[in-house]
Amino acid sequence: YCQPTQQQRQPEPPTRFYTGSMSLALPTDEQSLSPLHVFLRRHCVEVFSFQGTTHPRLVDGQVGLRCVHCRNAPGDRAVCFPSTLRNLYHSIETWQRRHAATCPDMLPNIRIQLDTLMSESRSGAGGRRQYWMEAAQQIGLVDTEYGLRFSKDPATVVQLQQQEQEVIPRQVPLKKRPLSTPVV
């Protein structure tokens, strides 16, 4: 087999990992994803780290994807643990097909919006697997031999996202002044 060149090698993941949970939604979602996937990321799913009880196939701190509506008492297929960043997109597709329609705790207005978006969405329209991987890396998810992990503290990432959201709406475009008007 061939050894990857220096340029092809992936950076080593950090040795310190964090725990917590956070939304997948990013301000750039609307430019890269279908309205359905933007909605799912913003209103339906989150990433979280497994903690506490022992499980034969999971390790403490491993990151999974879960329904935000029934996260305290997960329904059928509400939680999954993608083994790699590449599998994150497949996990959301599976969640959408197998859990979204049956979630016992989804609010009626969310279900109506989700059903509408799902009926309007064409197969293959706007999934962008590569974007899902890059966005996950941006919020600090990394591949490890034990599945996904947080390389950044989710609480800090969430605070930074909230600060960005607060700043963006307050920006007002500057009005162009005529060139002959002196600036004092």
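For the structure, see preceding data.
Source: prediction; values computed, not measured.

How do you make sense of the pairing of strand E2 (residues 45–49) when you look at a structure like this?
Most of E2 is tucked away, with 5 of its 5 residues classed as buried. Burial along E2 is two-sided: the residues Val45, Val47 and Ser49 and Glu46 and Phe48 are all buried. In terms of strand pairing, strand E1 (residues 21–23) meets E2 through 3 bridges, oriented antiparallel. Looking across to E2, one finds that Ser23 is bridged to Glu46. In this sheet, strand E3 (residues 63–67) lies alongside E2 in antiparallel orientation, the contact comprising 5 bridges. Following the sheet pairing, Glu46 is matched in E3 by Arg66.

Sorry if this is basic, but what is going on with the nonpolar core here?
A general trend in soluble globular proteins is that nonpolar side chains are found buried together. In terms of nonpolar packing, the biggest core is built from 37 residues, with Cys44, Val47, Ile92, Trp95, Leu114, Ile139 and Leu141 touching the most fellow members. Among the secondary structure elements, those contributing two or more residues to this core are helix H2 (35–43), E2, E3, helix H3 (88–98), helix H4 (108–120), helix H5 (129–138) and strand E6 (147–150). A total of 5 residues in this core trace back to one element, the largest contributor, which is H5. Excluding residues within four positions of it along the chain, Ile92 makes contact with Leu40, Val45, Leu65 and Trp132.

Cut-offs and rules
Residues numbered from 1 in each chain as written. Predicted model: local features only at pLDDT ≥ 70, side-chain atom pairs only at ≥ 80, totals over all residues. Heavy atoms only, no water. Buried < 20%, exposed > 50% of the residue type's maximum accessible area, 1.4 Å probe, protein only. Helix = DSSP H or I, 4+ residues; strand = E, 2+ residues; numbered from the N terminus. Pairing = 2+ DSSP bridges. Core = buried A, V, L, I, M, F, W, Y, C linked by side-chain atoms within 4.5 Å. Contact = heavy atoms within 4.5 Å.

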